[in-house]
Amino acid sequence: MVYTKKKWINLVGGSMPAVQRQKGFVFLLVIVVIAIIATLWLATKHQGLISAFKNEEIDESLMALKEVKRRLLEFSVLNPEIYLTTTTGVLQGNDKVPAVGYFPCPDLDGDGLVSGLESSCGNPLISGNSASGFVPDPLSAIGLGSCTGGGSICTGYVPQEIDTRDVYFAPKKRYFYVLDERFSTQNVFYNDISGVGPKRYAPLAPSRLEGDPASASSSLDSFDPILRLNEVGKYVALIIDAGDNGLDAANNDGDNAFVSGRGNKYLKNASDEIVGVTYDPDDPDIPGVEYDDQVVGITYNEWITLIAHRVCGEHDRFSGDAADFDAVTVTEHWVKDYHATDNPLGSEWLSWGVACP
C-alpha cells in the first residue's frame, strides 16, 4: 500500500490514536506508583535505622547502669573488708569495722567524691512525709551542688570513687542516685554515742527491714525499704540516667516515688498523679505521658540474697569449735547481735545465720 502525502501527514502530525495515548498514561502511572513505593520503602528503612541506633543506645545505657549497680552491690557486700584498716593501712579493732550491707552516700556537689558534709547522710522517716526516709534529703539546705535549699530539690549523684579506699563506682556527675537512708555507710542520726559512735543505722538486718512503711512512725520501727519505682516498692537504691535534658519532673519532685520511662507511658489521674504504667508507647489510643529517664534499682530481695549468700558462706567461721574467733569472749563484732553500747556495730547476722542450710 502506498501512503499518500495527506495520509503521511495524518500519521505524523495528526492526533495520536487512542490506544497509544492509553499506553502512555499507564506507563506514567506505573512510574508514579514505583516512585511512591520506593519513597515509602526508603522512609521505612530510615525509620528502622533510627530505631535500631536508638535501641542500641538504650541498650548500652542500660548495660552501663547495671555495671554501676554491680559495683555498688559489691561495695555493700564487702564493707567489712573495705574498712578493715585505717586510711594509713593499720588494722582496725572489731569496734570499728562496719557490718555488711551499707552503701556510699550520694555525691552532692558533682566533684565525684563524698567528703566533708557529704560523708554523712541521713533523712529519718517522718510518718506521713513522702520526702523523708531517703537521701539526698530533697529539702536539704547544706549549700552543696544543687542542694541549695532555696526552693529547688536537692539531688545527688553516684560518687565517682571513695579515694581513701580505692573504690570506683562511675564517672563523676553522670548518674543520679537515691538511697534509703538507713543503708548509708555513715549517718549521724544513729548510734552517735557521746560523739564517738559508729554513726550508722543498726542493726541493718531483716528484723528491722520488713513491714509496711505507712504503719511506721519513725525510722526506728521495722519497715520495707522506702523507695518506689514504677509503683513497685521495696527498693533500697535507685540509679538514674537522665540523659542530656536532666531529670524528668516525676523524678525531681521530692517524694520517694520514681519512674523509669524509656519505652513506657504513665497514666495520670486528674490530680496529675501517676496511677499506672503501659508498655505500648506507640499506641495513640493510650493517654498518658512518656518519660526519658532510665532507672535501674537495687531491690531488697537482691540485697538480702547477696548478703545471705555471704553470711551463710562464712557462718562456720563465726561459730562452732573451728570458729576464727570465740563468739563468747568477743564482745564487739559486726556479725553479733546489736547492742546500743556494748556492740553498736552488730547486725544480728550470727544469730540469723542459724537458718543457713
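Residues numbered from 1 in each chain as written. Predicted model: local features only at pLDDT ≥ 70, side-chain atom pairs only at ≥ 80, totals over all residues. Heavy atoms only, no water.

J.: Which residues make up a nonpolar patch on the surface, and what values do they have?
T.: Judged by side-chain polarity, Val26, Val30 and Ile34 come together as a nonpolar surface patch covering roughly 250 Å² of accessible area. Looking at the element boundaries, valine 30 is found in helix H2 (residues 18-77). Relative accessible area serves as the criterion here: at 42%, valine 30 is assigned to the partly exposed category. (Patch = residues over 30% accessible without salt bridge, like charges linked within 9 Å, V, L, I, M, F, W, Y side chains within 5 Å. Areas by Shrake-Rupley, 256 points an atom, 1.4 Å probe, with all protein chains shown as cover. Salt bridge = Lys/Arg side-chain N within 4 Å of Asp/Glu carboxyl O. Helix = DSSP H or I, 4+ residues; strand = E, 2+ residues; numbered from the N terminus. Buried < 20%, exposed > 50% of the residue type's maximum accessible area, 1.4 Å probe, protein only.)

J.: Describe the nonpolar core, listing the residues and the values that go with them.
T.: Here is a general trend for soluble globular proteins: nonpolar side chains tend to be buried in one another's company. Grouped together as the largest cluster of nonpolar side chains are 45 residues, with contacts concentrated most on Phe103, Val236 and Trp303. Breaking this core down by element, the ones donating at least two residues are H2, strand E4 (176-180), strand E6 (232-241), strand E11 (294-299), helix H4 (300-314) and helix H5 (349-352). Among the elements that line this core, the one with the most residues is H2, at six residues. The contact partners of valine 236, leaving out residues within four places of it in the chain, are Phe103, Val178, Leu179, Asp180, Phe183, Pro225, Leu227, Ile298, Thr299, Tyr300 and Trp303. (Core = buried A, V, L, I, M, F, W, Y, C linked by side-chain atoms within 4.5 Å. Contact = heavy atoms within 4.5 Å.)

J.: An account of the side chain of threonine 185 is needed here, citing residue identities and associated values.
T.: The residue threonine 185 is located in the loop between E4 and strand E5 (227-229) in this model. Not counting the four nearest positions on each side in its chain, threonine 185 is found in contact with Asn79, Tyr83, Tyr102, Phe103, Pro104, Lys199 and Arg200.

J.: Pulling in residues and values, what's your account of the packing of aromatic side chains?
T.: For the structure shown, the criterion picks out nine aromatic pairs. Measuring from centroid to centroid gives 5.2 Å for phenylalanine 183 and tryptophan 303, while their planes differ by 85°, and the two rings are edge-to-face. Taken together, the positions of phenylalanine 183 in the loop between E4 and E5 and tryptophan 303 in helix H4 put the pair 120 residues apart, joining distant regions of the chain. Assessed through its relative accessible area of 0%, phenylalanine 183 is described here as buried. Both rings, one in tryptophan 303 and one in tryptophan 349, keep their centres 6.4 Å apart while their planes meet at 55°; by these two values the pair is tilted. Residue tryptophan 303 is found in helix H4, and its partner tryptophan 349 is found in helix H5; the two are separated by 46 residues along the sequence. Of the two residues, tryptophan 303 and tryptophan 349, both sit in the buried class. Cluster of aromatic residues (ring-pair linked, three or more members): Phe103, Phe183, Tyr300, Trp303, Trp349 and Trp352. Cation over ring: arginine 182 sits above phenylalanine 223, and NZ or CZ is 3.8 Å from the ring centre. (Phe/Tyr/Trp six-rings, centres within 6.5 Å; stacked < 30°, edge-to-face > 60°. Lys NZ or Arg CZ within 6 Å of the ring centre and 35° of its normal.)

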